[in-house]
Amino acid sequence: MHFSLIIFIVDVINSRIKYYLQKVNNQQKTNIYMPEQLKNNRLIKALLREPVDMTPVWIMRQAGRYLPEYRETRKKAGDFVTLCQTPELACEVTMQPLHRYPLDAAIIFSDILTIPDAMGLGLKLVESVGPRFERSITNSNDIKNLPLPDPEQELKYVMDSIRLVRRELNGDVPLIGFSGSPWTLATYMIEGGSSREFSKVKGMLEAEPASLHLLLKHLSDSITLYLKAQINAGAQAIMIFDTWGGILKTPNYMNFSLYYMKIICEHLKNEHSEVKVPVILFTKGADKWIEKIVEADCDAISIDWNSNIGQVRERIGKRVAIQGNMEPRILKESEKKIVDEVESILRSYGSGSGHVFNLGHGITPDIEPDKVGILVDAVHNLSRQYHKTK
């Protein structure tokens, strides 16, 4: 793509982002509870590295197929996309795990691919295959023709879901909003769905880096708008999922993934300075980059099970909180094995705040629901000793 054309497109995008930012800021904001106003404020306090009475715990994909009530609601919806796009049903499944377990947070039920779908790529979930797009990004013309979705129009169903969940929660626990990272969304958009080789996106990175940067800039603008709208609708913490950042070599991770997440964090930090909305960054397979990730203006990093949480804490000190990091397959084991693993992670992290217990990735559909109860109770019961005030 000719450089002058790229500059022109960037200018157009910037003018559109300014318009939508003003529109989002003018939306009526749902009250964002300050930590002391929440009935259970452990998550927010831990993310801000403030003292808590026990380690908070929530689970990636806690509203998911391992729960029979979720499967019933999804059956009622007909398909996954309809479930996501129907606020009443999305609210219902968001609340389901909280009715079962004393979790310390809710996370809005949605999908990381809502933004590409709102850009007109046509999201479908194919059984036994995964997410697929009717249209994929193949060249610079496809990129320059992408719209910038209005969060209160094309993605209004997500905002309505957040508003409904906030009313249902009634301040019991905080609500987490989320998005995929620019790089991760770009991989799906260019590959046309899930991939094992990522040959198309890697090909664009090598052959047309300027075009890929243009797409990532457009996505970072869209994600910024989307997350700001989620906060205005009532999200009290934000998580950015960089599922596929780990496939990159170090220089490319810094330039094509982390750089754009840092921009998003800076925008969120500047916009919502009056009420602290913690931001969690999660790159799967990123142990070697942790020192760089903590420099991205985030409040917490989420780590997978390939990292030693105690060693990570030593490496980063008190700069950010740490979320994680039990391997999901442990939930297939016996009660004793689950409790022992919880104790091992808590002991490795050590005393003091700044730890949010979670899995190192999403819970899988083959987990027995009772095992999650064992995990949550173990975290709460065993972590108290690490939060005793002297």
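In what follows, the structure referred to is the one given above.
Right, let's walk through the structure included here. (Residues numbered from 1 in each chain as written. Predicted model: local features only at pLDDT ≥ 70, side-chain atom pairs only at ≥ 80, totals over all residues. Heavy atoms only, no water.)

A short note on the side chain of S110
1) Next: Mapped onto the fold, S110 is located in the loop between β1 (106–107) and α6 (114–121).
2) Next: In this structure S110 comes out as buried when scored by relative accessible area, which is 11%.
3) Next: Dropping the residues within four chain positions of it, S110 is found in contact with F80, C84, V158, F178 and Y226. (Helix = DSSP H or I, 4+ residues; strand = E, 2+ residues; numbered from the N terminus. Buried < 20%, exposed > 50% of the residue type's maximum accessible area, 1.4 Å probe, protein only. Contact = heavy atoms within 4.5 Å.)

Let's talk about the sheet that holds strand β7 (residues 300–302)
1) Next: Strand order across the open sheet formed by 7 strands is β1-β4-β5-β6-β7-β8-β9, with parallel pairing between neighbours. Each end of this open sheet is capped by a strand with a single partner; those strands are β1 and β9 (355–356).
2) Next: For strand β4 (residues 175–180) and strand β5 (residues 237–242), the ladder comprises 5 bridges, and the chain directions are parallel. The residue bridging G180 from the neighbouring strand is F241, located in β5. (Pairing = 2+ DSSP bridges.)

Some thoughts on the side chain of Q230
1) Next: Turning to its location among the elements, Q230 is positioned in helix α11 (residues 209–233).
2) Next: What makes Q230 buried here is its relative accessible area of 1%.
3) Next: Apart from residues no more than four positions distant in its own chain, Q230 is found in contact with V158, M159, I162, G177, F178, A235 and I238.

Some details on the packing of helix α15 (residues 335–349) against helix α16 (residues 369–383)
1) Next: One can describe the packing of α15 onto α16 by two numbers: an axis separation of 9 Å at closest approach and a directional angle of 40°. Taken together, the axes of α15 and α16 are oblique relative to one another. In this structure, α15 crosses over α16, and the sense of that crossing is right-handed. On α16, the residues that touch E335, I338, V339, V342, E343 and L346 of α15 are K371, I374, L375, A378, V379, L382 and S383.
2) Next: Across the contact of α15 with α16, the residue classes break down as 9 nonpolar, 1 polar and 3 charged. (Axes fitted to C-alpha atoms, helices over the stretch in contact; angles between N-to-C directions. Parallel < 35°, antiparallel > 145°, perpendicular 65-115°, else oblique. Left-handed = near helix turned anticlockwise from the far one by under 90°. Nonpolar A, V, L, I, M, F, W, Y, C, P; charged D, E, K, R; others polar.)

Remarks on the nonpolar core
1) Next: Among the nonpolar cores identified, the biggest contains 131 residues, and L212, I301 and L375 are the most heavily contacted of them.
2) Next: Looking at this core, the element that brings in the most residues is α11, giving 11 residues.
3) Next: Apart from the residues lying within four places of it in its own chain, the contact partners of I301 are I280, L281, I290, I293, V294, V312, I316, V320, A321, I322 and Q323. (Core = buried A, V, L, I, M, F, W, Y, C linked by side-chain atoms within 4.5 Å.)

What to know about the pairing of β5
1) Next: Counting buried positions along β5 yields 6 of 6 residues, so the element is predominantly enclosed.
2) Next: Here β5 pairs with strand β6 (residues 279–283) via 5 bridges, running parallel. Note on β6: the bridge partner recorded for D242 is T283.

Comments concerning the packing of aromatic side chains
1) Next: As enumerated under the stated definition, the model contains 7 aromatic pairs in all.
2) Next: Judged by centre distance (5.8 Å) and plane angle (70°), the ring pair of F80 and F109 falls under edge-to-face. Placement of F80 in helix α4 (residues 80–85) and of F109 in the loop between β1 and α6 is noted, with a sequence separation of 29 residues between them. No difference in accessibility class separates F80 from F109, as the two residues are buried. (Phe/Tyr/Trp six-rings, centres within 6.5 Å; stacked < 30°, edge-to-face > 60°.)

Examining the packing of helix α5 (residues 87–100) against helix α8 (residues 156–169)
1) Next: Between α5 and α8, the least distance of the axes is 8 Å, while the angle of their chain directions is 45°. If you check the angle between α5 and α8, you find them oblique. Here α5 runs over α8; the crossing is right-handed. In this structure, α5 uses P87, E88, A90, C91, T94, M95 and L98 to contact α8, whose residues at the interface are Y157, D160, S161, L164, V165, E168 and L169.
2) Next: Class assignment for the residues of the contact of α5 with α8 results in 9 nonpolar, 2 polar and 3 charged.

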